[in-house]
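Here are the chains, one letter per residue:
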Amino acid sequence: MANFLTRLFNEDARKLAKLEKQIQPILALEEEYAQLSDEQLQHKTVEFKERLENGESLDDIYVEAFATAREACKRVIGEFPYPVQLIGATVMQQGDIAEMKTGEGKTLTSVMAVYLNALEGKGVHVVTVNEYLSQRDSEWMGQIHRFLGLSVGLNLRQLTPSEKRAAYACDITYTTNSELGFDYLRDNMVTELNDRVLRGLNFAIVDEVDSILIDESRTPLIISGGKKQTANLYLQADRFVKSLHKDEDYELDVKSKTVQLTEFGVHKAEKAFKIDNLYNLAYTQLLHHINQALKANYIMICDIDYLVDTENDEIVIVDPNTGRLMPGRQWSDGLHQAVEAKEGISIKQETTTLATITYQNFFRLYNKLAGMTGTAKTEEEEFLEIYNMYVVEVPTNRPVIRVDYPDAVYGTKKAKFSALVDEVVERHEIGQPVLVGTIAVETSELISKYLKERHIHHEVLNAKNHQREAEIIAKAGQIGSVTIATNMAGRGTDIKLGEGVRELGGLCVLGSERHESRRIDNQLRGRSGRQGDPGMSRFYISVQDDLMIRFAPERFESLFASLGDTAIESKVATRSISSAQKRVEGVNYDARKQLLQYDDVMRQQRETMYEQRDYILEHEDIHSFIESMFKRVISDLVASHVNPESRQLNVDDYVKALDSLGFEGIVRIEDIEGMNDEQVMDFSTEKAWEDYDQKIEPVRDQIQDFERNMTLSVIDRAWSDHIDNMSKLRDGIGLRSYAQSNPLQAYVSEGFQMFEDMQRNISQDVVNYCMNVQVVKQEEVA
């Protein structure tokens, strides 16, 4: 262990020595750049851009660009970055995380890395945890970038798509993590290329990187289409389908498990639903419901594919592999609702997830990612494994002289709060400002109640009055101020000391309990002792706190029961609490890692689908893309009609199946007799494509929009339903461990199969539309 720590320390020391060497040339340019006029300094931006265009890299201009941005900081906002801030900026330029203590000027540090990367013209995103910080930084630091000739945009939730597009078109864009993620998802749902707002994910600097990439990564971003009021459509489609006659109105292919309306069936549907063309884009949803009703009534078999649980009024799926019941699981794409309509069971409302992504997978899409925070070293392993980012502890500009006292541990919560309030009163009497940190709103209000009873004037900062955050924090370092705050006061804010406070010992930070994560505790401590200021911190803990009940050794409770209300300040107790926190962090890390492993399956599928959408949106003519779908459908059809024993194609059944898919009369039995499977596939594809090509000949100049919109419509509906299906699979997959099988492996293999099925269904639906579309050329009006 000692050797490991020595190696670890030496590695960090080596990194720091290398960084200190790297910034020396920047410091050496200080006087030279101070002599430049504003115009000469501003012209550097033009010069750097030309050098990059002529083949130089960011590393080639790194020294001069940093020196330029540093000098601009001094001229524009009157703050001259310290050498340690140059180290932090260099860490970020290298795609790593700069851990800088509170008050060390992280926001100013980012300016140099942002400026250098923005020179490429590919866009830099500065990501913050809330819109207040985005707005503040875009105005404050944006002055420097604008002075140097770069454009600065601010992305807010309320902006229109065109305003967002303009913000992202800037060299530098300030935005929140959630709005950025949602914009990415929305961009992959548009039906016109011009409706996109982002222009690529080049470089992001994430402020409070541990909060965004770790704490928030447990919750994926989801865009939902809300609840679909579709029960009536399922009932209508079911009634219609039950009135049909086999072979006359629909054709069933048992081998490929497909069922299609015949031409008579299509006419019946148009008559029944009082429409002129079932294959018109406007009736996509109706056609989808009829197809699902056909499948539910003529392919899905009760007591084989599913059971009807009349007691609970639900359909229970039977696992086709094991024969076991799968309660809670649902078929996707509305098939489950169609079966419920068939069996007279209450139809469950559909909710649709249109798009989803985790922060881990979103931020890994960037070409380069960097971050800054006051607390990340405790999570370095996770940053390295998931994001390939090192955490570098940047030294403080001045030594930290804050005193961190050992935890005061009590036997009961009552004794703990009583002692904490006593200390607040004591510090308040001498005028020393106090910040009390709590985990929950409930705790902040409880302490506030105790302070009111003692007639101590104080401010409370929690989720209920977050609007006053800036105002409350601005006063928190003044003489005599008492502030109770939840974790909100831990990030992005700087408590500056008022006059005379240093002489009183600086800001006193008291924690009402330990958080599950040591990082959150370190953030609270870090509110005090900024830039060499004096300060102190202490945590008040009781054996009845949640963290202690769940993870501390059992002997603790019996030990404190005998001590009554006496506090223990012991390094052993503090170490035990830290080890309890490490255990919680380990559990949370495992949960995040598992979420990422599962989401990686979706990531690969999402990338494939988004690539398909991009191709359709970016190419005017997607005729060849649709042709590939024809090939796939016919290839699958050939494969499903080959006898597994004789390896011979059942020609009669194959031709009937072709006819039922809309290829009626295109391929005759005598045409393909004697051909091998590959020849049959090539011949059938050629004939089917020829037939479609001839059909659209009269409207060839107008067909592009139809093909694009129809294909996107089919893909989006199938992808949305697939997301739902994968989510349901994920919810129930954990039970596989009881059967001694690996749930993740099962999820990967079943998810892959479901994705293949979805791709196959997309091709079938697109081909079905193409073969059944009715082409009507408008007569020219004289």
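Residues numbered from 1 in each chain as written. Predicted model: local features only at pLDDT ≥ 70, side-chain atom pairs only at ≥ 80, totals over all residues. Heavy atoms only, no water.

A. How the structure looks around helix H14 (residues 284-298). Relative to the 21 Å expected for 15 residues at 1.5 Å per residue, H14 spans 21 Å between its end C-alpha atoms, a close match to the ideal helical length. Among the 15 residues of H14, twelve are classified as buried, and the element is accordingly described as predominantly covered. Among the residues making up H14, those that are buried are Thr284, Leu286, Leu287, His288, His289, Ile290, Asn291, Gln292, Ala293, Leu294, Ala296 and Asn297. (Helix = DSSP H or I, 4+ residues; strand = E, 2+ residues; numbered from the N terminus. Expected span 1.5 Å × (residues − 1). Buried < 20%, exposed > 50% of the residue type's maximum accessible area, 1.4 Å probe, protein only.)

B. Seen up close, the UniProt feature "binding site: ATP" (unreviewed entry) in the protein. With numbering matched to this structure, UniProt assigns "binding site: ATP" (unreviewed entry) to Gln85, Gly103, Glu104, Gly105, Lys106, Thr107 and Asp494. Structurally, Glu104 is set in the loop between strand S1 (97-99) and helix H6 (106-118). Here Glu104 is in contact with Val84, Gln85, Thr109, Pro395, Thr396, Asn397 and Gln531, once residues within four sequence places are set aside. Within the secondary structure layout, Gly105 lies in the loop between S1 and H6. (UniProt positions renumbered as here; feature names shortened; annotations may be inferred. Contact = heavy atoms within 4.5 Å.)

C. Quick peek at the packing of aromatic side chains. The final tally for this structure, using the stated rule, is 18 aromatic pairs. Aromatic pair Tyr184 and Phe362: ring centres 5.4 Å apart, planes at 50°, arrangement tilted. Here Tyr184 is found in helix H10 (residues 177-187), whereas its partner Phe362 is found in helix H16 (residues 359-363), with 178 residues between them in sequence. Like Phe362, Tyr184 is buried. Grouped by ring-pair contacts, the aromatic residues Tyr184, Tyr359, Phe362, Phe363, Tyr366 and Tyr610 constitute a single cluster. The lysine or arginine in question, Lys74, covers the ring of Phe80, its NZ or CZ lying 4.6 Å from the ring centre. A cation over an aromatic ring shows up here: Arg514 above the ring of Phe539, its NZ or CZ 5.2 Å from the ring centre. (Phe/Tyr/Trp six-rings, centres within 6.5 Å; stacked < 30°, edge-to-face > 60°. Lys NZ or Arg CZ within 6 Å of the ring centre and 35° of its normal.)

D. Looking closely at the side chain of Gln612. For Gln612, the position within the fold is in helix H24 (residues 571-618). Residue classification places Gln612 among the buried residues on the basis of a relative accessible area of 15%. There is a polar contact of 3.3 Å between the side chain of Gln612 and the side chain of Gln759. Discounting residues that sit within four places of it in the chain, Gln612 has contacts with Phe625, Ile715 and Gln759. (Polar contact = N/O pair within 3.5 Å; in protein donor to acceptor, adjacent residues only side chain to side chain.)

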